[in-house]
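Listed here are the chains, written in short residue letters.
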Amino acid sequence: MRLKEIQRTAHPAWSPAPHHPICLALGTSAQQLDASFNTTAALEIFQVDFADPSLGMKLKGSLPTSNRLHSLVWVNFGEGEDGLGGRLIGGSDNGTVTVYSPEAIVTSGAEAIIGQSDKHTGPVRALDFNPFQSNLLASGANDSEIYIWDLNNFSNPMTPGTKSQPPEDISVVSWNRQVQHILASANPSGKAVVWDLRKNEPIIKISDHSNRMHCSGMLWHPEVATQLVLASEDDRMPVIQMWDLRFATSPLKVLENHTRGLLSIAWSQADPELLLSSAKDNRILCWNPNTGEVIYELPTTNQWCFDIQWCPRNPALLSAASFDGWISVYSVMGGSLEAQQQSRADQISSSFDTMDPFGTGQVLPPLQVPQPTPQTTLVAPLKKPPKWVRRPVGASFAFGGKLITFESPKAPVQSPQPVPVPRQVFVSQVTTETELLQRSRELQAALQSGSLSDYCQAKIHKAPTDSEQDIWRFLLVNFEDEARVKFLRLLGFSKEDLERKISTCLGKNLQPNGHGVDANDLAEKIQLLSTQVSPGTNLFIAHFSFIEKKISFPIPVSAGTLLYAPVVLDADGLISQALLVGNFEGAVDLCLNEGRYAEAILLAISGGQELLQKTQQTYLEKQRNSISMLISSVVTQNWGDIVQSCALDNWKEALAALLTYAHPKEFAHLCETLGSRLEGERTEKRCLQACLCYICSGNIEKLVECWALQRDCSSPLVLEDLVEKMMVLRKSVERLRNSEVAVQSPVLADKLTHYAGLLASQGSLATALSYLPDTSDQACIMMMRDRLFHAQGEGGAAGGQQPPPCPYNRVRVTGGDPAPAQAPAVPVQAQPPTQTPVFYQLLIGRQISNPCVSLQLLQALPAERVEQREIPAEHMVLKQTFDSLVQRCQLAAQDPQTKRKLDDASKRLGYLYDKLREHSLSNNILGGLHEISRCVAGQNYQRGLEVHTAVVTSSNFSEIQAFMPILKVVMTIANKLGV
């Protein structure tokens, strides 16, 4: 594809590879005249700016010269500014070799000519610089003259040896690309001479026996030191001969495709498989010299190109100088001509002004012409990717910690014929988290054996901090009997120690009976005592049964009890009277008023439950001290107030009260409430205390959320700490409930999925799968289970069972848990590349419309007959069209991989038909499906794929994920098979 062009009759020379920006030097060509018969000469430097879409190039500098040039090279010798270092050397028609400074040409300096010599007696048609020592330059002219110039001392050139006889013109000189002291020269008669500069003599001569080889070009192989090519200008023999100096009796290979003689050749230094040639048949071809195949033909005009060169900096570019006076820059990577066509149209339009050409002075209106549909002209690139875009080596990680590596081994350079080199792909198991794997194996062993108590004991001994020990001690208690009592001991509350302290305080020698005073038992006994007394019996009369009848006592009665006696307010008398008439409520009120709370509570017991509660409430309201709140909660069994209002520094006391008194049905909720208050402080200390509350309550989700609040769970070992606690607590809860704990929390599902992914990345696929619950309906867990199941291969899962198909594509990777930490690399023979299908990624956060269901659950369901509804008549054409397409593809497919894809397509399209029966698809999706159906019926698969893309991007992926991906795969296969 043509990128730049300029009208000049000149020899081009690219700026050296280290220089930027890329520039192109043009020296006026000798023995050529343009249409104006201008005989002046100049050396010009142009900047090749590809940011400018136009075809023109910006002139940086120009220098008039006295002579026209036969050859021009740009050597990377010397330093300059603005990317214009180096030296330009030109060979003129009068035998002069001139050295120019590109920097001086651009800056219009007076000293642009650095050196000049007229040692040659005729036109200097050949120039080349040494790739190893850029100060060495070779030139060739008439009478077999060859000189070696040193740019550091330009006045005294040397010769490679004695002139060859008979004297002939030197048409080309070329330095060897691998050995710095080897130089070759060729003359038009077809003879080539190889010189050894260390010996100053020719070491071998090459000539074609047909005597029709008129040499116009010669180049050394970029990598093989003993191989070179010769190009013939003779129309009777328009070939390129490849020679190997080890077998110099005849050409190693002959490249034949041109119909007329060759004018110029160029061998890419970036890719030895790219050899350019231009000939008198108006063609520029790109060859693969190893196979002799033409892999590219440049779209050129009908003109001879006498000079072609690869760009040293950008290996995809080349320049071509033609006899019609144009210098063009091409790219072998292809592209679009749309920008160039628009640029030319704008250039033509700018040639005409907008004024009326008839002299009225009126501005012409814009021309209204029908605009045809723009046709984008594409230029195809090379048939195969060039070496500079191919990866010499590569590595890629696959699911399951597999590392895929490859390299491109070089062919044996000593072999004259190209030898197929076997390419290998290495699959290795990479393990980076050895401690994570070790701890995971220990946890998995404990979970499988059920020895979680021993596991917790080991973690307690290894715990680095006291808080870590506390957490594992609390987790251990969950697997022991009388868990609440042991939780109290861990909090620092022991009933035995308390009894001893009470005994010391009272000065009594109490014998501990192994039981504490239970408030509930005490209340029940008092209640039982009150119920044993009949409602009409006075408490004091009932109490008399406990006193010997022989004892007599007075009953205080106030003076107001005698008829017509004066009223004297006596509290004891009023209480006695209230009791005598059975007014317990009045008696209690009098006792409370006198501050006689013990008598009030004793009397309230006989007055019934309602009076007792009222009395207790009145008492607790009047008594405000440090212990009254605790007594109130014990009496009223209202632990919510304690949990909600206690100081957080007394969280241990609050938790101990819950462990002692809370009802089992309320215990978990109250512990979670206390933990939430502690967690709300957002400090590491409070979060650890909250974790202990969550362990007591058995709330796994809260434990995970609280633990992750103060720790970065993206670290593998931190996540391992969390998973260990999570799995141990989960097992303890399952042991208590005797059933599996379902994973409902998204946070818990995310952590388990992340942990399973870490294990999978280390190659422990089976272990990773064991941590994901079978019954979870979380999308991320289901997808990870499916990936792990299929990553283990056909027989990797337990029992070799296969899960039902899921509504998204999968990549099948073989592998399993590595026995050692590092598995050796296994070479796998590389397979020919196949067409890669487009995979749709399942979005984690969306609802799966048809989730994977474990095979065990499916087998447990009773078999029943399901009546299937009919597809609506207006949508029946979709089923007919898509089923017919799959059948045609199955008949035309040959390779097993394509057949497997089509078999899978037949099953997955069933999801589409089910949704049609259920009327669950939106109008937008239905319209797109019918449009795709019409495209398939007309075999316009490209249009169908475009509609498919539009439907996918504009719809909810959860609605279409079950069938749209496979529909695209089927259309792609149909387009490839041409059915």
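- One UniProt comment on the protein, placed under Sequence similarities (unreviewed entry), says "Belongs to the WD repeat SEC31 family."

## Quick notes on the side chain of Arg-730
And step 1. Looking at where Arg-730 falls in the secondary structure, it is placed in helix H20 (residues 716-737).
And step 2. Excluding residues within four positions of it along the chain, Arg-730 makes contact with Ile-700, Glu-740, Val-741 and Pro-773.

## Considerations on the pairing of strand E23 (residues 275-279)
Here is the key point about a regular strand: its side chains alternate between the two faces of the sheet.
And step 1. The buried count for E23 comes to five of five residues, which makes it a mostly enclosed element.
And step 2. Side-chain alternation along E23 places Leu-275, Ser-277 and Ala-279 on one buried face and Leu-276 and Ser-278 on a second face that is also buried.
And step 3. Where E23 meets strand E24 (residues 284-288), four bridges bridge the pair, whose relative direction is antiparallel. Looking at the pairing, Leu-276 lines up with Cys-286 of E24.
And step 4. Connecting the antiparallel pair E23 and E24 is a turn made up of four residues, with Asn-282 showing a positive phi of about 65°.

## Regarding the packing of aromatic side chains
And step 1. Evaluated as defined, the whole model comprises seven aromatic pairs.
And step 2. Plain terms: the ring middles of Tyr-147 and Trp-149 are 5.9 Å apart, the flat faces sit at 65° to each other, and that makes the pair edge-to-face. Take Tyr-147 and Trp-149: they sit in the same class, and that class is buried.
And step 3. Pairing Tyr-755 with Tyr-771 gives two aromatic rings, centres 5.1 Å apart and planes at 85°, and the pair type is edge-to-face. Note that Tyr-755 is positioned in helix H21 (residues 746-761) and Tyr-771 in the loop between helix H22 (765-770) and helix H23 (779-791), a separation of 16 residues in sequence. With respect to burial, Tyr-755 and Tyr-771 carry one shared label: buried.
And step 4. One aromatic cluster is present, built from ring pairs that chain together Tyr-147, Trp-149 and Phe-154.
And step 5. One residue, Arg-484, lies across the ring of Phe-667, its end atom 4.2 Å from the ring centre.
And step 6. Here Lys-879 stacks its cationic end above the ring of Tyr-913, 5.3 Å away from the centre of that ring.

## Re the nonpolar core
And step 1. Leu-655 and Leu-788 are the most contacted members of the largest nonpolar core, which has 81 residues in total.
And step 2. Among the elements that make up this core, the one with the highest residue count is helix H18 (residues 684-697) (nine residues).
And step 3. Contacts of Leu-655, omitting those with residues within four sequence positions, involve Leu-491, Cys-671, Leu-674, Cys-693 and Cys-696.
And step 4. Core analysis: the second largest hydrophobic core is formed by 37 residues, Phe-882, Leu-912, Val-969 and Val-970 among them.

## Some thoughts on the pattern of salt bridges
And step 1. Across all of its chains, the model carries 29 salt bridges by this definition.
And step 2. Close ionic contact of Lys-725 with Glu-468 constitutes a salt bridge, the shortest N to O distance being 2.7 Å. A residue pair is termed long-range when its members are at least 10 positions apart, and Lys-725 in helix H20 and Glu-468 in helix H5 (residues 466-477) qualify at 257 residues. This pair shows no difference in class: Lys-725 is buried, exactly as Glu-468 is.
And step 3. As a salt-bridge pair, Glu-585 and Lys-614 come within 3.4 Å of each other at their nearest N and O atoms.

## Details of the sheet that holds strand E16 (residues 192-196)
And step 1. Taken in spatial order, the four strands of this open sheet run E14-E15-E16-E17, and their pairing is antiparallel. Of all the strands in the sheet, the pair left with one neighbour each is strand E14 (172-175) and strand E17 (201-206). Strand-to-strand, the axes of this sheet are offset by a mean angle of 20°, without reference to chain direction.
And step 2. Of the strand pairs in this sheet, E14 and strand E15 (residues 182-186) are connected by four bridges, and their pairing is antiparallel. Across the sheet, residue Ser-174 finds its bridge partner in E15, namely Ala-184.

## Quick notes on the packing of H5 against helix H6 (residues 483-490)
And step 1. Put simply, H5 and H6 touch, their axes get as near as 9 Å, and they point 165° apart. Regarding the angle of H5 to H6, the classification is roughly antiparallel. You can see that H5 and H6 cross each other, and the crossing is right-handed. Of the residues in H6, those touching H5 at Arg-473, Phe-474 and Val-477 are Ala-483, Lys-486, Phe-487 and Leu-490.
And step 2. Across the contact of H5 with H6, the residue classes tally to five nonpolar, no polar and two charged.

## Things to note about the state of the cysteines
Two cysteines form a disulfide when their sulfur atoms are joined by a covalent bond.
And step 1. What the rule picks out here adds up to zero disulfides.
And step 2. Looking at Cys-693, it has no disulfide partner, and the nearest cysteine sulfur is the one in Cys-671, 6.3 Å off.

## Description of H5
And step 1. Here H5 contains twelve residues, and its C-alpha end-to-end distance of 17 Å stays within 8% of the 16 Å for a straight helix at 1.5 Å per residue.
And step 2. Buried residues of H5: Glu-468, Gln-469, Ile-471, Trp-472, Phe-474, Leu-475, Leu-476 and Val-477, and no others.
And step 3. The inward-facing, buried residues of H5 abut helix H4 (452-462), H6, H18, helix H19 (700-709) and H20.

Definitions and cut-offs
Here the residue numbering is sequential within each chain, running from 1 through the sequence in written order. With the structure being a predicted model, the display of local features is reserved for residues of pLDDT at least 70 and the display and counting of side-chain atom pairs for 80 or more, all residues being used for whole-chain, interface and lining totals. Excluded from the side-chain calculation are hydrogens and water; included are all heavy atoms of the structure. UniProt positions are given in the numbering used here, feature names are shortened, and annotations may be inferred rather than shown by experiment. In DSSP terms, a helix is any run of H or I states spanning at least four residues, a strand is any run of E spanning at least two, and both are numbered starting from the N terminus. Two residues form a contact once any of their heavy atoms are found within 4.5 Å. A simple rule labels every residue: compare its accessible area, found with a 1.4 Å probe on the protein chains alone, to the largest value its type can have, and call it buried under 20%, exposed over 50%, or partly exposed in between. A pair of strands is treated as paired once DSSP finds two or more bridges between them. Ring pairs shown here join Phe, Tyr and Trp side chains whose ring centres sit within 6.5 Å, with only the six-membered ring taken for Trp; geometry is labelled stacked below 30 degrees between planes, edge-to-face above 60, and tilted in between. Two thresholds decide whether a charge sits over a ring: the Lys NZ or Arg CZ must be within 6 Å of the ring centre and within 35 degrees of the ring normal. Throughout this description, the term nonpolar core refers to a set of buried Ala, Val, Leu, Ile, Met, Phe, Trp, Tyr and Cys residues connected via side-chain atoms within 4.5 Å. One speaks of a salt bridge when a side-chain nitrogen belonging to Lys or Arg is within 4 Å of a carboxyl oxygen belonging to Asp or Glu. An axis is simply a line fitted to the C-alpha atoms; with a helix, the fit covers only the stretch in contact. Between two such axes, the angle follows the N-to-C directions and lies from 0 to 180 degrees. The cut-offs work like this: below 35 degrees is roughly parallel, past 145 is roughly antiparallel, 65 to 115 is roughly perpendicular, and the gaps in between are oblique. By definition, any crossing whose near helix is turned counterclockwise from its far helix by less than a right angle is left-handed, and any crossing with a clockwise turn is right-handed. For this classification, Asp, Glu, Lys and Arg are treated as charged, while Ala, Val, Leu, Ile, Met, Phe, Trp, Tyr, Cys and Pro are nonpolar and the rest, including Gly, are polar. Here, two cysteine sulfur atoms that lie within 2.5 Å of each other are counted as a disulfide. A helix's residues, less one, multiplied by 1.5 Å, set its expected span.

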